[in-house]
Amino acid sequence: MTSSTRHGVIVSDFNASSLASCLKSHEDGPAVETVMAPFGQVMPALLHADWPCWHGNPEFAVVWTQPQSVIESFGDALRYQPVSVERILADVDAYASLLVGLRERVNFVLVPTWVAPSFHRDFGLLDMKTGLGMTNTLMRMNLRLVDNLEKWSHTYVLDSQRWLETAGVHAYSPKLWYMGKIPFGNDVFIEATKDIKAALSGLYGESKKLVLLDLDDTLWGGIVGEVGWNRLTLGGHDPAGEAYADFQRALKALTRRGVLLGIVSKNEEAVALEAIRRHPEMVLRVEDFAGWRINWQDKAANILDLVRSLNLGLQSVVFIDDSPVERARVREVLPEVLVPEWPDDKRLYARAVRGLRCFNPPSITQEDMHRSRMYQSERHREESKRDMVSMEEWLKTLGITVKVEVLGESNLQRVAQLLNKTNQMNLTTRRMPEAELFRWAQAPHRRLWAFRVSDKFGDSGITGILSLEIQDLTGTIVDFVLSCRVMGRKIEETMLYRAIRYARSMGLTSVRAQFLPTEKNKPCLDFWLRSGFIYRATDNEFWWDVKNHYPNSESIMLDGDWV
Amino acid sequence: MSARFSAYTTPCVVQKKEKGLIRVMVTNEKVLQAVCNAIESVNQLLPKEARLGKTVDTILMGDAGAVDSLKLVNLIVAIEQEIEQDFHVSINLADDESMSLTENPFATVGTLANYVSLLLERKSS
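Note that the coordinates shown come from a computational prediction; the quantities given were computed from them, not determined experimentally.

**Points about the sheet that holds strand 7 (residues 260-266) of chain A**
All names here are of chain A. Strand order in the open sheet made by the 4 strands is 8-7-6-9, with parallel pairing throughout. The open sheet has two free edges, formed respectively by strand 8 (289-295) and strand 9 (317-320), since each of these has just one partner strand. On average, adjacent strands in this sheet sit at an angle of 15° to one another, irrespective of strand direction. By the bridge criterion, 6 bridges tie strand 7 to strand 8 in an arrangement that is parallel.

**A word on the interface of chain B and chain A**
Contacts between the two partners involve 19 residues from chain B, matched on the other side by 18 residues from chain A. Between chain B and chain A lies a buried interface of about 1500 Å² when both sides are counted; carbon and sulfur atoms form 59% of it. On inspection of chain B and its partner chain A, the count reaches 2 salt bridges. Note that B:Lys48 is salt-bridged to A:Glu27, the shortest N-O span being 2.9 Å. Elements with a contribution of two residues or more to the side of chain B that touches chain A: helix 1 (29-43) and helix 2 (69-87) of chain B. A total of 8 residues in the side of chain B that touches chain A trace back to one element, the largest contributor, which is helix 2 of chain B. Here the side of chain B that touches chain A is composed, by residue class, of 10 nonpolar, 4 polar and 5 charged.

**Considerations on the confidence of the model for chain B**
All names here are of chain B. Confidence in the prediction of chain B, expressed as mean pLDDT, is 77, and 75% of residues score 70 or more. Scored below 50 in pLDDT, residues 1-26 makes 58 contacts in the model with residues more than four places away or belonging to other chains. The complex prediction reports pTM at 0.73, with the ipTM value standing at 0.77.

**Quick look at the sheet that holds strand 1 (residues 6-12) of chain A**
Residue and element names in this part refer to chain A. Read from one edge of the open sheet, 5 strands run 2-1-3-4-5, paired in parallel fashion. Of all strands in the sheet, those bounded by a partner on one side alone are strand 2 (32-36) and strand 5 (155-158). Averaged over all neighbouring strand pairs, the angle between strand axes comes to 25°, with direction disregarded.

**Topic: the pattern of salt bridges**
Inspection of every chain in the model, using the stated rule, returns 34 salt bridges over all chains. With a shortest N-O distance of 2.8 Å, A:Arg452 and A:Glu405 are connected by a salt bridge. Of this pair, A:Arg452 sits in strand 12 (residues 446-455) while A:Glu405 is found in strand 10 (residues 400-406), placing the two residues 47 residues apart along the sequence. The class for A:Arg452 is partly exposed, based on a relative accessible area of 27%. The class of A:Glu405 is buried, set by a relative accessible area of 14%. Ionic pairing is found between B:Lys54 and B:Glu40, a salt bridge with its closest N-O pair at 2.4 Å. Here B:Glu40 lies in helix 1 and B:Lys54 lies in the loop between helix 1 and helix 2, a separation of 14 residues in the sequence.

**A short note on the environment of A:Arg430**
All names here are of chain A. Here arginine 430 lies in the loop between strand 11 (425-426) and helix 20 (434-442). Judged by its relative accessible area of 17%, arginine 430 is buried. If near-sequence neighbours (up to four positions away) are discounted, arginine 430 is found in contact with Leu419, Leu437, Trp440, Ser467, Val478 and Asp479. Of note is the side chain of arginine 430, whose polar atom sits 2.6 Å from the side chain of aspartate 479.

**With respect to empty space enclosed by the protein**
Residue and element names in this part refer to chain A. A full pass over the atoms with the stated rule returns 2 cavities of 30 Å³ or more. In this structure, the largest cavity is lined by 15 residues; those nearest its centre are Ser207, Lys208, Lys209, Pro361 and Lys421. Its residues assigned to classes, the lining of the largest cavity comprises 3 nonpolar, 6 polar and 6 charged. Approximately 40 Å³ is the volume attributed to the second largest cavity.

**Here we look at the nonpolar core**
Residue and element names in this part refer to chain A. The biggest cluster of nonpolar side chains holds 41 residues, and the ones touching the most others in it are Leu466, Ile477, Phe480, Ile491, Leu496, Trp528 and Phe533. The element best represented in this core is helix 21 (residues 491-505), accounting for 8 residues. For leucine 496, the contacting residues outside a window of four places in its chain are Leu466, Ile477, Phe480, Phe527, Trp528, Ser531, Phe533 and Tyr550. One finds Ala250, Leu284, Ile294 and Ile320 within the second-largest nonpolar core, a separate group that totals 37 residues.

**As for the pairing of strand 14 (residues 474-482) of chain A**
Residues and elements named next belong to chain A. Across the 9 residues of strand 14, 8 count as buried, placing the element largely inside the fold. The sheet contact formed by strand 11 and strand 14 spans 2 bridges and is antiparallel. When the bridges of strand 14 are listed, asparagine 426 appears paired with valine 481. Strand direction decides the pairing type here: strand 13 (residues 458-471) and strand 14, joined by 8 bridges, are antiparallel. Pairing of glycine 464 across the sheet is with leucine 482, part of strand 14. The turn joining strand 13 and strand 14, which pair antiparallel and follow one another in sequence, is formed by 2 residues; a positive phi near 55° is taken by aspartate 472. Where strand 14 lies against strand 15 (residues 510-514), 4 bridges are found, and the strand directions are parallel. Bridging from a neighbouring strand, isoleucine 477 pairs with alanine 513 of strand 15. Between strand 14 and its parallel partner strand 15, the chain crosses via helix 21, and the hand of that crossover is right-handed.

The rules behind the values
Once a new chain begins, its residue numbering starts again from 1 and follows that chain's sequence as written. Following the order in which they are written, the chains are lettered starting with A and the ligands numbered starting with 1. Where local features are concerned, this predicted model is filtered to residues with pLDDT of at least 70; where side-chain atom pairs are given and counted, the filter is 80 or more; whole-chain, interface and lining totals use all residues. Only hydrogens and water are removed before side-chain values are computed, so all heavy atoms of the structure are retained for them. For two strands to count as paired, DSSP must find a minimum of two bridges between them. Helix and strand labels come from DSSP, where a helix needs a run of H or I of at least four residues and a strand needs a run of E of at least two; each type is numbered from the N terminus. Only C-alpha atoms enter the line fits that serve as axes; for helices the fit covers just the stretch in contact. Angles between N-to-C directions range over 0 to 180 degrees. Only heavy atoms matter for contacts: two residues are in contact if any of them lie within 4.5 Å across the pair. What counts as buried area is the accessible surface, traced by a 1.4 Å probe, that two parts surrender upon association, with contributions from both included. For this document, the term salt bridge refers to a Lys or Arg side-chain nitrogen within 4 Å of an Asp or Glu carboxyl oxygen. Classification used: nonpolar for Ala, Val, Leu, Ile, Met, Phe, Trp, Tyr, Cys and Pro, charged for Asp, Glu, Lys and Arg, polar for all others including Gly. Scored between 0 and 100, pLDDT is the confidence that the predictor attaches to each residue. Burial classes follow relative accessibility: with a 1.4 Å probe on protein chains only, a residue under 20% of its type's maximum area counts as buried, one over 50% as exposed, and anything between as partly exposed. Here a polar contact is recorded for every N or O atom pair within 3.5 Å, except that within protein the pair must consist of a potential hydrogen donor and a potential acceptor, and residues adjacent in sequence are included only if both atoms are side-chain atoms. With a 1 Å grid spanning the protein atoms alone, the term cavity applies to any set of points in which a 1.4 Å probe fits but cannot get out, the term pocket to an open set with protein on both sides within 12 Å along at least five of seven lines, and the term lining residue to any residue with an atom within 4 Å of a point. Grid points are joined across faces, edges and corners, and a volume is the space filled by probe spheres set on the points. Nonpolar core, defined: a set of buried Ala, Val, Leu, Ile, Met, Phe, Trp, Tyr and Cys residues in which side-chain atoms within 4.5 Å join the residues together. Seen with the strands pointing away from the viewer, any crossover whose path from the first strand over the helix to the second strand runs clockwise is right-handed.

Next comes the structure, spelled out in structure tokens:
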């Protein structure tokens, strides 16, 4: 376990002790400690910020309720009293506003959807009838709840119906309800725990970013080096072939959520790439892979090498291989890498990858959707670099443009994502949810700029953040964040150029920055040590006299408002 | 047979004196297995240090007992589900009889298995 303990509050109208216990005991994901709001006191707990359960700065809340207990009109409808759907939905709106209000107390609010027992069939044939059937009304209530909450970046609705389906026949337990006021069977709480922990991992920037794949009998059936690309089992009217193609489709879908794919395979590179390029049923093509190591070396060593070249950390990697021996080897050598147990039966591959709970980014930005393309551009950049004599000469040929933007609604999501995910080029590794970041940056003595980088090979999107806090005549750089994808291309210097230029325009006398070391941000310290700022090692502080200009690289073109 | 377990001792249960303690031997392995499966199911909810043991001697209730009310409720329901699944018989471990017996059927894993065996025997007769 690498992350720190997350502290939360459970608010529920039923006995949720099983959930609290399970969150504490389940070993996957972040460690979680929760306190429970007084049993059955949902409304007062939501209304009163001074209740003891909210003391101690909890980071998240899980508000899990039964619909009839918090939406009184729905309770009336269950008792066959005449209640209009409009009134019920208005009550849902009011309830949702209480959930939204929790943003003052916690960073995130997780709200499982409302469900009803499958055996609750009082309305029989009319159950799906609008204005009468309970299931119909409950569906509308859940959608209304989602409509209300999706506008807010701190609230997430979790699909509890899936937990019930997984738990099966014992999902609802009248026995537990009458004996302990626990409506659900244990398996529901176990599934809920897995989803809640996965959500917390994602919300705190621990979502996996790269899936590394074996090829033979993983991405396709057969050994390409032996049978040739045209004899591989893939696609067509064949159960195994269809299963491999479906698995590839599931992986392709991941790339659209910002997850990168890579290949680590023991094969001849030319033979394997030919298969990827030429096999007509391949769903994944060369451009879908951020990188590969296809050779006869040890896979663990190849993973290490590839992950480093992509500027990622091992903790963000998932490795999928049909061979238990290779899986065991990688688990042993690289314990940070997630190596899921993999089914023997290829027909279960797509289900296995879709069932992984480690891909949970709190949002999906344009940058995410085109990430694979960005890495492809990066490969082209690296190839072009080989022919150049000097770094400066190479940078000039790239035609880099850096556009500066003020934090606003259009870029907030991406800026928050970058702030919460970036590890290496990060001055203070400050983590902050969207709403909190926006509030922080709105203070009149603070400025936060986002930097958008593009060059002749493509648009890398927003990849840099610098925030400045002004006190008296000194500007303090609070955040200095740059995506590893554009590190080392003088963007760092351009960001400092921006800060100093702004400080000069405001009549400040100095700009300072304090480096807070973590296990991963040494590259940031290395940059600052060569940045030209005066360094005081006793407290890792850097300082610039604003009387002096800070030079910008000649290879960078500026766009936007640079003062 | 000791009078201590007379309220619900069944033929499938043998007791013997061992190091001064009365040791309960559950010979109906299938019932004991069902109880252990139920314990395993409850343990999934619990932190490692709070998990229940699965031997016949494991004390559940009493001064050294490990079971609080939440665990007990979960355990009772889990056992009832296991028994229903394995024996296709519905039993009620939380009725008035179980609560009024002079010897607590929930004292140990062994006594609990005995009690389950007794209820099963009654159902079959």
